[in-house]
Amino acid sequence: MYYLCHNATLKAHHVIYLIVDKEMYYCKIGFSVEPKKRLKQLQTGCPLDLYIYGTIDGNQYVEREVHKLFKAYHIRNEWFNLSHSIIDYFTSDKTFKKH
């Protein structure tokens, strides 16, 4: 995806996000250009209070590999039981940004 800005074409910056519920039981691992917008979309249909724990650089291919890596915690679609392993994976990445 590309955006036009001041007559220059800029490549969109995709990130892999880790969205968790406030009770720290469940998480969603996904990718987006706008994780805050994605959070709002998810919150609309979710009875749990959600927030963005953090992001790392990546695209849909990286996201797919992360899903495979944590398949033992998989619940449904892109939702997982939150584990220390998942948090450690994100926080140990050099591109990790806490939100």
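Use the structure listed above.
Let me sum up the structure you'll find in this document. Just so you know, these numbers come straight off a predicted model, no measurement behind them.

1. Let's talk about the nonpolar core
Point 1. In terms of nonpolar packing, the biggest core is built from 14 residues, with Leu-18, Cys-27, Ile-29, Ile-86 and Phe-90 touching the most fellow members.
Point 2. Taken together, the elements giving at least two residues each to this core come down to strand E3 (15-21), strand E4 (26-32), strand E5 (50-57) and helix H3 (84-92).
Point 3. Non-local contacts of Cys-27, meaning those with residues more than four positions away in its chain, are made with Leu-18, Ile-19, Val-20, Glu-78, Trp-79, Phe-80, Asn-81, Leu-82 and Ile-86.

2. A look at the sheet that holds E4
Point 1. Across the sheet, which stays open at both edges, the 6 strands sit in the order E6-E7-E4-E3-E5-E8 with antiparallel pairing between neighbours. The two strands at the open ends of the sheet, each matched to only one other strand, are strand E6 (74-76) and strand E8 (97-98).
Point 2. As defined by bridge partners, E3 adjoins E4 across 6 bridges and the pair is classed as antiparallel. What sits directly across from Ile-16, in E4, is Phe-31.
Point 3. Running over the sheet, helix H1 (residues 35-44) touches E3, E4, E5 and strand E7 (79-81) and is turned about 145 degrees from E5.

Definitions and limits used
- Residues numbered from 1 in each chain as written.
- Predicted model: local features only at pLDDT ≥ 70, side-chain atom pairs only at ≥ 80, totals over all residues.
- Heavy atoms only, no water.
- Core = buried A, V, L, I, M, F, W, Y, C linked by side-chain atoms within 4.5 Å.
- Buried < 20%, exposed > 50% of the residue type's maximum accessible area, 1.4 Å probe, protein only.
- Helix = DSSP H or I, 4+ residues; strand = E, 2+ residues; numbered from the N terminus.
- Contact = heavy atoms within 4.5 Å.
- Pairing = 2+ DSSP bridges.
- Axes fitted to C-alpha atoms, helices over the stretch in contact; angles between N-to-C directions.

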